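Survey of secondary and tertiary structure
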Amino acid sequence: LKAMLASLPQTISIFTNSDINHTQRVLGAIGIRSTIYSIIDIRALNFYSKPNPEAYRRALHLIGDPPPENCLLIDDSHKNLDPGAEFNMHTLWVQEDNSASSQHTRIAQLCQLPETMPELWFPG
């Protein structure tokens, strides 16, 4: 996972309903903290949380107001991806159960990202 994330040419930001201390502990425990550019936590969002659209507006602003269509939102909760899709972000649902239909691209595990979205490594 760490090598795959480190190989991405894009910067990676974590957008979480948790606080930064907990998020840093989790990222450290799974060994990927060094691959993360920034953490946008509940405090940075002024306590707006996913799936509230204001949380997405604030998160985009905190990473420099990129065009939403240039962003990939990855989450394990369908309800957290829907507002991202409404903002015109690309969405990726990490969900092992393939039975539910969805507008979001779906993978069972994050390690499947290169085979699912190779354009992230080779844009254009």
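Up top is the structure these notes are about.
Scope of this entry: the structure provided in the associated data block. (Residues numbered from 1 in each chain as written. Predicted model: local features only at pLDDT ≥ 70, side-chain atom pairs only at ≥ 80, totals over all residues. Heavy atoms only, no water.)

Our focus in this paragraph is the pattern of salt bridges. Scanning the entire structure with this criterion turns up four salt bridges. A salt bridge links aspartate 19 to arginine 43; its shortest N-O distance comes to 3.7 Å. Remark: arginine 43 occurs in the loop between strand S2 (38-40) and helix H3 (53-62) and aspartate 19 occurs in the loop between strand S1 (13-15) and helix H2 (20-29); sequence separation between them is 24 residues. Look at aspartate 19 and you get partly exposed, because its relative accessible area is 24%. Under the relative-accessibility criterion, arginine 43 is labelled partly exposed at 47%. Each of Glu54, Arg57 and Arg58 takes part in a single network of salt bridges with overlapping partners. (Salt bridge = Lys/Arg side-chain N within 4 Å of Asp/Glu carboxyl O. Helix = DSSP H or I, 4+ residues; strand = E, 2+ residues; numbered from the N terminus. Buried < 20%, exposed > 50% of the residue type's maximum accessible area, 1.4 Å probe, protein only.)

Okay, the environment of leucine 1 next. Note that leucine 1 resides in the segment before helix H1 (2-7). Sequence-wise, leucine 1 and isoleucine 32 are 31 residues apart; in three dimensions their C-alpha atoms are separated by 7.6 Å. Setting aside chain neighbours within four positions, we find leucine 1 in contact with Ile32, Leu110 and Cys111. (Contact = heavy atoms within 4.5 Å.)

Summarising the element assignment, aspartate 75 is placed in strand S3 (residues 72-75). There is a polar contact of 2.8 Å between the side chain of aspartate 75 and the backbone nitrogen of serine 77. Other than its neighbours up to four places away in sequence, aspartate 75 contacts Lys50, Asn80, Leu81, Leu92, Trp93 and Val94. (Polar contact = N/O pair within 3.5 Å; in protein donor to acceptor, adjacent residues only side chain to side chain.)

Take the pairing of strand S4 (residues 90-94) next. Pairing analysis gives four bridges linking S3 to S4, with the strands arranged parallel. When the sheet's bridge partners are listed, leucine 72 is paired in S4 with histidine 90. In this view, the connection linking S3 to its parallel neighbour S4 by way of helix H4 (residues 78-86) has right-handed handedness. Where S4 and strand S5 (residues 105-107) come together, three bridges link them in parallel fashion. Across the sheet, leucine 92 pairs through a bridge with threonine 105, a residue of S5. (Pairing = 2+ DSSP bridges. Right-handed = clockwise from strand over helix to strand, strands pointing away.)

Counting residues in each nonpolar core, the largest one holds 14 residues, and the members touching the most others are Leu5, Leu8, Leu113, Leu120 and Trp121. Within the second largest apolar cluster, twelve residues are counted, among which are Phe15, Ala55, Tyr56 and Leu73. (Core = buried A, V, L, I, M, F, W, Y, C linked by side-chain atoms within 4.5 Å.)

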